[in-house]
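# Tertiary structure, described
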Amino acid sequence: MLSRVRSRILLVSPAGGLSSTLAAPLSAAGYETVLAADFRSARIALNQRPDLVIADVKLGAYNGLHLAIRAAATLTPAMVIGDSDPVLEADAARQQAVYVTTPLDAEHILTVVARLVDISWQTRRAARKQVRGLNAFADDLEARLLDVSYHGMRLEAADSRQADLPMCFVVRLPQFSFTCHVQRVWTAPAANDRDGRVTWYGATVSAADSEGVLAWRDLVDALPGLAATL
């Protein structure tokens, strides 16, 4: 299955690692591949906004899941490759990353890649608007609304209870007397937060609440802000 022309995939693998073996089949399928040999160079390459990250789980002092967390902050899906390990697989699921175990099946990998790249394009297609940190609540957790689109939002929260935020929760914007149900899509440390106390949450407005979706889109249109680069 071919994806959109020249979708860019970042492959992160030490020399001779698992992810590097996918360069040839991905190129043959029409993807542009960018190689990074370690966590540091991969982190720099993420600034170029690839459509997908595929990383070995073993990357020296770091691992592929650390990279998946950083990728999620830029709405980039991630695939992590490693040996079967229930703990790592559970960690990957919590970060909305796909965990693929060895031995690798190239046909299966290409199918998963096509799906993830399509999700990436759909997510980024929605115009996003920065809203300068409006006060918000995620359930009872104090937060700030950072940017919005017709499909959802990015929230920032600094609280010791942040790990308890469920997959589905309620967002309230007191300034606008607005409430909607959302689903958490990704979680990542906030950029430039050296203490690790601030977390970003990406969430989509629940499609099951049709009235809430329409009201959210009206609010997005009405909110003042700047075009976002995420």
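Residues numbered from 1 in each chain as written. Predicted model: local features only at pLDDT ≥ 70, side-chain atom pairs only at ≥ 80, totals over all residues. Heavy atoms only, no water.

### A word on the layout of surface pockets
Rules: Only protein atoms enter the 1 Å grid used here, on which a cavity is any set of points holding a 1.4 Å probe that cannot leave and a pocket is any open set flanked by protein within 12 Å on both sides along at least five of seven lines; residues with an atom within 4 Å of a point are listed as lining. Grid points are joined across faces, edges and corners, and a volume is the space filled by probe spheres set on the points. Lys, Arg, Asp and Glu make up the charged group, whereas Ala, Val, Leu, Ile, Met, Phe, Trp, Tyr, Cys and Pro make up the nonpolar group; the residues left over, Gly among them, are polar.
Counted as a void, the second largest pocket has a volume near 500 Å³. Considering the residues around the second largest pocket, the lining is formed by 17 residues, among which Arg43, Arg70, Ala73, Pro189 and Ala191 are closest to the centre. Split by residue class, the lining of the second largest pocket holds 10 nonpolar, 4 polar and 3 charged.

### Some words on the nonpolar core
Note the cut-off: Buried residues of nine kinds, namely Ala, Val, Leu, Ile, Met, Phe, Trp, Tyr and Cys, make up a nonpolar core once their side-chain atoms join them within 4.5 Å. Burial classes follow relative accessibility: with a 1.4 Å probe on protein chains only, a residue under 20% of its type's maximum area counts as buried, one over 50% as exposed, and anything between as partly exposed. Any two residues having at least one pair of non-hydrogen atoms within 4.5 Å are treated as being in contact.
Counting 26 residues, the largest nonpolar core has Leu145, Met153, Leu155 and Trp216 as its most contacted members. Setting aside chain neighbours within four positions, we find Met153 in contact with Arg128, Leu145, Asp147, Val148, Val171, Cys180, Val182, Tyr201, Gly202, Ala203, Val205 and Trp216. With 21 residues, the next largest nonpolar core counts Phe39, Leu67, Ala71 and Ala97 among its residues.

### Overview of helix H4 (residues 86-94)
Worth spelling out the cut-off: For the purposes of these results, a polar contact is taken to be a pair of N or O atoms within 3.5 Å, where, inside protein, one atom must be able to donate a hydrogen and its partner to accept one; residues adjacent in sequence count only when each atom of the pair is a side-chain atom. Elements are defined by DSSP. Helices are runs of H or I of four residues or more, strands are runs of E of two residues or more, and each kind is numbered from the N terminus.
A distance of 2.9 Å separates the backbone nitrogen of Val87 from a side-chain oxygen at the start of H4, and that oxygen is part of Asp85. The positive-phi residue at the C-terminal boundary of H4 is Gln96, with phi of around 60°.

### A look at the confidence of the model for the protein
This is how the line gets drawn: On a scale of 0 to 100, pLDDT captures the predictor's confidence in every residue.
The share of residues in the protein with pLDDT of 70 or more is 89%, and the mean pLDDT across the chain is 85. In this model residues 1-5 is a low-confidence stretch, pLDDT under 50, and it forms 8 contacts with partners more than four residues away in sequence or in other chains.

### Structural notes on the sheet that holds strand E7 (residues 98-101)
Note the cut-off: By the convention used here, strands pair only if DSSP detects at least 2 bridges between them. Throughout, an axis means a line fitted to C-alpha atoms (over the contacting stretch in the case of helices), and angles, computed between N-to-C directions, take values from 0 to 180 degrees.
Strand order in this open sheet of 5 strands is E2-E1-E3-E6-E7, and the pairing throughout is parallel. Strands at the two margins of the open sheet, each flanked by one partner only, are strand E2 (32-36) and E7. When the angles between neighbouring strand axes are averaged without regard to direction, this sheet yields 20°. Alignment of strand E3 (residues 52-56) against strand E6 (residues 78-82), held across 4 bridges, turns out to be parallel. Counterpart to Asp56 in the pairing with E6 is Ile81.

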